[in-house]
Each structure stands twice: as structure tokens, then as C-alpha cells.
Amino acid sequence: MTLSSASLITLPQPSTNGGLTLEQAIAHRRSVREFEGGSVSLAQLGQLLWAAQGVTHPRGLRAVPSAGALYPLELYAIAADSGDIEAGVYHYRPDRHGLDRLVEGDFRSRFAAAALRQTWIERASVILVVVAVHARTMAKYGNRGRRYVAIEAGHCAQDIYLQAVSLELGATEVGAFSDAAVSRLLRLPEGQEPVTSIAVGQPFSEHPP
Ligand SMILES: Cc1cc2nc3c(=O)[nH]c(=O)nc-3n(C[C@H](O)[C@H](O)[C@H](O)COP(=O)(O)O)c2cc1C
């Protein structure tokens, strides 16, 4: 069901003092595709989004670098129902560290189908989709801007991976999907294109962080 007006969900303040060192997070990072099926909390979801695109400087600079500080990436979350977040499609607002809920309902299976039927994704708790507005960067850098946007999506995905390790969550990047099907699922406006995605969930205990 499409919501008539988006209502902002304020995310808990992100932590800047996690339990693992950066080196430990890098050393333990693996792609994890087997999930317990539980959900991630609103605080964990907020932490992942903050790592990916959160504002970390009074002038609006963000956790990941961006060519010309133009920030061409938008983050969407396809979330399962959890105690503190309802199933739905959400859009992250870095300026408010909040989420707009765009659509109600559990769209994980539809995303898995769009991702060339990678059925393991259905058991993820949340799928973060990195979407690009190429025009923001290409207006300044021309065709080179397309490359910059792809590089930035990589920064974003790596931060999500490392943040997931630190939260003892499992994550796997999913680059294999139909752009058209994912754009339809997210109801992306003109000019926004999905670049990559990361499925995150509670890992089985044989995958400790
Ligand atoms: C750009 C990119 C796209 C990827 N797409 C998929 C995917 O669609 N499905 C999948 O299961 N893994 C995907 N992966 C994860 C890789 O398979 C994984 O990183 C690789 O096997 C190395 O394992 P590691 O991440 O545990 O080091 C992708 C990784 C990258 C960097």
C-alpha cells in the first residue's frame, strides 16, 4: 500500500564508539548469506544508514567521501517487520537522520525475485539499496561524473559491510539485479537509478563477527 504522505521516523543517535577496532572489522568481514530470519532493530538500521551516508560534520559532510561534496547517492531500505519498525520501503534522510516510509508491506521476496531469484535474500532483515542521481555529479564533472558516482557507491557499500561486522550482523552486497524491476519496486522518481544493494540480517552462529 502506498502511503499518502510520508511521515519521518527519527532514528536513534548513532554510536561513534563501537566494540571492534577498524582492523578487527576488516579482518572479520565476509559476505554472509545465511540468516537466522530475525529482524534488525531501529538502532541497528540507523547505525548502518549513518555509516553509509550519515552527516558527520557541521557543514553537512558525510561519512563517505563524495566528489565535490555533491552527494549523488540516495539510500532506500526494504525492511522486514520488527518490534520497532514496520515492514516497508523507506528512504533515508541524512539531514534529519530519519526515515520516510514510502510504501507499507514486506517486499523482500519481490526484491529477491528482481535480484535474479537469489532466494537467500528473502531471509535478510533489511536490504539497503544504493541509488544514484547521476545528474548531481555529472552537472559538474561531465561523463567523468558517472565514474565518480560508481566509486562513491563502493565507499558506501564498504562502510555498510564494516558497520554490519561491528554490529555482529551478516551482510552481502547484491549487484546482480534487474535495474528496471528494482526501480519499479522502490518507485524511483525520474533520474534515480539503483547502483548496488546490501542485504543484512542476523547471521547463523557459525558466522561470528
Ligand atoms: C559489486 C559486487 C557485486 C556483488 N553481487 C553479489 C550478488 O549479486 N550476489 C551474491 O551472493 N554476492 C555478491 N557479491 C559478493 C561477492 O560474491 C563476494 O564479495 C565474494 O565472493 C568475496 O567474498 P567475501 O565478500 O566474503 O570476501 C558482490 C560483490 C561485489 C563487490
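About the cut-offs
Residues numbered from 1 in each chain as written. Predicted model: local features only at pLDDT ≥ 70, side-chain atom pairs only at ≥ 80, totals over all residues. Heavy atoms only, no water. Phe/Tyr/Trp six-rings, centres within 6.5 Å; stacked < 30°, edge-to-face > 60°. Helix = DSSP H or I, 4+ residues; strand = E, 2+ residues; numbered from the N terminus. Buried < 20%, exposed > 50% of the residue type's maximum accessible area, 1.4 Å probe, protein only. Lys NZ or Arg CZ within 6 Å of the ring centre and 35° of its normal. Salt bridge = Lys/Arg side-chain N within 4 Å of Asp/Glu carboxyl O. Axes fitted to C-alpha atoms, helices over the stretch in contact; angles between N-to-C directions. Left-handed = near helix turned anticlockwise from the far one by under 90°. Contact = heavy atoms within 4.5 Å. Nonpolar A, V, L, I, M, F, W, Y, C, P; charged D, E, K, R; others polar. Expected span 1.5 Å × (residues − 1). Near = heavy atom within 4 Å. Polar contact = N/O pair within 3.5 Å; in protein donor to acceptor, adjacent residues only side chain to side chain. Areas by Shrake-Rupley, 256 points an atom, 1.4 Å probe, with all protein chains shown as cover. Pairing = 2+ DSSP bridges.

Quick word on the packing of aromatic side chains
According to the stated counting rule, one finds three aromatic pairs in the structure shown. Judged by centre distance (6.3 Å) and plane angle (55 degrees), the ring pair of Phe111 and Phe177 falls under tilted. You can see Phe111 sitting in helix H3 (residues 108–114) and its partner Phe177 sitting in the loop between strand S6 (170–174) and helix H6 (179–186), a full 66 residues away along the chain. A residue is classified by how much of its surface remains accessible, and Phe111, at 0% relative accessible area, is buried. Classification of Phe177 by relative accessible area gives buried; the value is 9%. Taking the ring centre of Tyr161 as reference, the NZ or CZ of Arg29 above it sits at 4.7 Å.

A look at the pattern of salt bridges
Two side chains with opposite charge may pair up if their charged atoms get near one another. Here the structure, examined in full by the defined rule, presents six salt bridges. Asp100 is the partner of Arg93 in a salt bridge, and the nearest nitrogen-oxygen pair spans 3.4 Å. Owing to a relative accessible area of 24%, Arg93 belongs among the partly exposed residues under this scheme. Because the salt bridges share partners, they merge into one network encompassing Glu86, Arg101 and Glu104.

Here we look at the packing of helix H2 (residues 42–53) against helix H5 (residues 144–166)
Two elements in contact, H2 and H5, have axes separated by 8 Å at closest approach and are oriented at 145 degrees. In this structure, H2 crosses over H5, and the sense of that crossing is right-handed. Across from Gln47, Leu48, Trp50, Ala51, Ala52 and Gln53 in H2, the residues of H5 making contact are Cys156, Asp159, Ile160, Gln163 and Ala164. Of the residues that constitute the contact of H2 with H5, the class distribution is seven nonpolar, three polar and one charged.

Observations regarding H5
The end-to-end C-alpha distance of H5, which contains 23 residues, comes to 34 Å, matching closely the 33 Å that a straight helix rising 1.5 Å per residue would cover. For H5, the complete set of buried residues consists of Gly145, Val149, Glu152, Ala153, Cys156, Ala157, Ile160, Tyr161, Leu162, Gln163, Ala164 and Val165. Downstream of H5 by a residue or two, Glu168 has a phi angle that is positive, lying close to 60 degrees.

A short note on the site of the ligand
Surveying the vicinity of the ligand reveals the residues Arg29, Arg30, Ser31, Arg33, Gln118, Trp120, Thr172, Glu173, Val174, Gly175 and Ala176. Here an oxygen atom of the ligand and a side-chain polar atom of Arg33 are 2.7 Å apart. Considered on its own, the ligand offers 630 Å² of accessible surface; in the complex 55% of this is hidden by protein. Taken together, the residues that form the shell around the ligand break down as three nonpolar, four polar and four charged.

Digging into the sheet that holds strand S1 (residues 8–10)
Spatial strand order, S1-S4-S3-S2-S5-S7-S6: seven strands in an open sheet with antiparallel pairing. Each edge of the open sheet carries a strand with a single partner, namely S1 and S6. On average, adjacent strands in this sheet sit at an angle of 30 degrees to one another, irrespective of strand direction. By the bridge criterion, seven bridges tie strand S2 (residues 73–79) to strand S5 (residues 126–132) in an arrangement that is antiparallel. Paired with Glu74 across the two strands is Val131, which belongs to S5. Lying over the sheet, H2 contacts S1, S2, strand S3 (88–93), strand S4 (98–104), S5 and strand S7 (193–201), oriented at roughly 160 degrees with respect to S2.

Section: unusual backbone geometry
Notably, Ala69 is not glycine yet its phi reads approximately 50 degrees, a positive angle. Tracing the sequence through the fold places Ala69 in the loop between H2 and S2. A relative accessible area of 37% means that Ala69 is categorised as partly exposed. In the Ramachandran plot, Tyr71 falls in the positive-phi region, its phi being about 50 degrees despite a non-glycine side chain. Accessibility expressed as a relative area gives 10% for Tyr71, which makes it buried.

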